[in-house]
Amino acid sequence: MKITKYIYSLLAVVMMAFMTGCSPDEYALGEKDLSSDDLVEGIAYTITHDSNNPNIIYLKSLLPSNYAVTFDTPQGRFQANSATLKIPFNGEYQARIGVTTRGGFLWGPYADFTVEDFCSEFVDDPLWTYISGGVGESKTWKLDIDANALTRHSDLWAGPLGFWGVDDDWSTCFLGQTASAGDHWNWTPDIAGNGWVMTAMDYGYMTFDLIGGAHVTVHNNETGEEWRGTYMLDTDNHTITLSDAELLHNSGHDGVVTNWSKSLKLMGLDDDRLQIAALRDNSSEGPCLLCYNFCSQDYWDNWKPVVDETPVTPTLMEGWRSLIQNPTNREITFKLAEDGDEDGFAFGYCNLDGSVKDATLSANDGIEDATLVLYYGGTDATNTYTYTAPDGSAITGTYTLDDNGIFTFSNGLGNTSLGANYNMSTNADNTLRIMSVTKDDYTGALKSVWLGKQCIDDQGNLFQYQGYHWKAQTAGAAVKKYKGVLNYFSTGFAVTLTSSDVFITGDGDYTFTINGANSEPYGIYLDIAKLYADNNNCDVIIKSIKVDGNEISFDDATIDRGTADGDHSTVRRYIVNPWGKTADEASKFSFTSSIEVTVHVTYDTGENKMEPTEAGAKRN
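Residues numbered from 1 in each chain as written. Predicted model: local features only at pLDDT ≥ 70, side-chain atom pairs only at ≥ 80, totals over all residues. Heavy atoms only, no water.

Draft legend 1. Just the sheet that holds strand 2 (residues 56–61), in detail. With antiparallel pairing, three strands are arranged side by side in an open sheet as 1-2-5. Edge positions in the open sheet fall to strand 1 (45–49) and strand 5 (82–86), since each of these has one partner strand only. Ignoring strand direction, the axes of neighbouring strands in this sheet form an average angle of 15°. Summarising the sheet, strand 1 and strand 2 pair through five bridges and their orientation is antiparallel. Its bridge partner lying in strand 2, H49 is registered against I57. (Pairing = 2+ DSSP bridges. Helix = DSSP H or I, 4+ residues; strand = E, 2+ residues; numbered from the N terminus. Axes fitted to C-alpha atoms, helices over the stretch in contact; angles between N-to-C directions.)

Draft legend 2. Just the nonpolar core, in detail. Ranked by size, the top nonpolar core spans 68 residues in total, and within it F208, Y231 and L274 carry the most contacts. Apart from the residues within four sequence positions on either side, Y231 is in contact with W128, I131, S132, F208, D209, L210, A214, H215, V216, I240, T241 and L242. Within the second largest apolar cluster, 34 residues are counted, among which are F334, A346, A389 and Y399. (Core = buried A, V, L, I, M, F, W, Y, C linked by side-chain atoms within 4.5 Å. Buried < 20%, exposed > 50% of the residue type's maximum accessible area, 1.4 Å probe, protein only. Contact = heavy atoms within 4.5 Å.)

Draft legend 3. Focus on the environment of H249. By the element assignment, H249 lies in the loop between strand 15 (239–243) and strand 16 (264–269). C-alpha separation for the pair H249 and P160, spaced 89 residues apart in sequence, amounts to 9.6 Å. For H249, the residues in contact, after removing those within four places along its chain, are Y203, N220, E222, D254, W260 and Y292.

Draft legend 4. Looking closely at the pairing of strand 6 (residues 91–101). Sheet topology places strand 3 (residues 69–73) next to strand 6; four bridges connect them, and they run antiparallel. Looking at the pairing, T70 lines up with G98 of strand 6. As defined by bridge partners, strand 6 adjoins strand 8 (residues 111–115) across five bridges and the pair is classed as antiparallel. Opposite G91, over in strand 8, you have V115 as the bridge partner.

Draft legend 5. Quick peek at the environment of V123. Position of V123 relative to the elements: it lies in the loop between strand 8 and helix 3 (126–132). Sequence separation between V123 and F89 is 34 residues; the distance between their C-alpha atoms is 9.3 Å. Contact partners of V123, with chain neighbours within four places excluded, come to P88, F89, F118, W128 and V135.

In structure tokens, the structure reads:
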């Protein structure tokens, strides 16, 4: 009995010792579910000023170490049990603590604290001067795009918005360092060729100052909104926090980002360059950084395009002369291309580099009867031509062709009306310039030639050409061919690979092969140009897929059928669609030597299997 009493007494002593070993706060907060009322200053954490420099503020958690703590401060959020703030400006500030509990994440109420004095040493860092112009100054920044899709700092980036990996930051962007681990990649598209990224317009400005504090004004031309607030730089961690304002951005990305203000990553900053990234955290495409690229107002206002004094001239394909002056096929007959032809239209305006402008003009009836016959005799005296107009009248003579692609027709080509206010003739000196030459990818024979007549403005400057599209005529009916290409791109579009061209000439099996290596597959698609335009009931069935020579499993029914191009003319099979139902299949396509896809093409299945939709063309 005495032994039993002794044991009970010993247990009581141990329990009392255990209870007195815990502080009141630890006992109160460690044994219960927390509420917001528990997360107040003095109980859950402390806010203290440095004794030597009161502009340094320390935040320290009083919660047990098993709690995951986040501090929300004027200088951003810190996921740690303590945080040190260096606040340069006097004023009233707020902070709060948040914690992950069994019921989810919980914020406590804000606590106020005061900074009495201005500390100039905290704004001595060059980043404060770069962003604001310096103490007592202000500086305005423009999102680097305008209504003409013009990006002024094209020496630094292709457009106003870049996509970066979530682990990228100042070191990988501004300093250009290579990271050994983490989610690191980037892609900055130009807006002129990637209109889905954002509308081309002048989006407004952001003005930062250091006049009696750190103030920011954000004016958004797209929405008409204007915010006036404050900002805080963390020059050590390269972040920026805006209070009562949002980062200037396009509305098209509003829904995929939940935070446009707090602890945004400062990706780059110098005298005329500012890059700030927000986390895309609400998109079906997964998280990434949206890095908005700005140039200073001064750079914007004083920017001038680089003028290349070298005259712009067409660059003709290799071997162009031997296609036109061919000793084996000395005589070539040309006719004007027909509207709706797969290679374009009969006439139109050309840029100085020979490219055809995107403007189709209405042709007169009968111009298809115009012909141009060139005979290559081997010398200027024996090189002859005959031009026959639609009315049957003919002009004959000799021609010369120099190394720059300039024809001189001894008697010109007359004056033929091709369309309203559009006549075909030579320049005053009987010359025409070759704009471009194409050949048949299947046979290697000459296919067509664009010839151009100079258009001169009232200052005497050449600004474009009138183009005439002549197609070489071949004997007999050629088999219609459709070019197919297998395309591969990696994460962030850092690597793009394509197969050799495969020409589809009828129903049957065709194999496409990409040679190379890549370990970060993101998308793979097969395009057969113009097949759908001519054969609306066609189908392309995936029969076999091999990676490095090994067959891999797939379900043809889950691989997107669709079309591409604005006119839905090209058949597209998206084998791995990063924006579709095959996105999870990407890992199968990491390869070290080759990817091989075999398909069966049928021109007429009796029904439309390729709905005219642009598979995978949209991204958030």
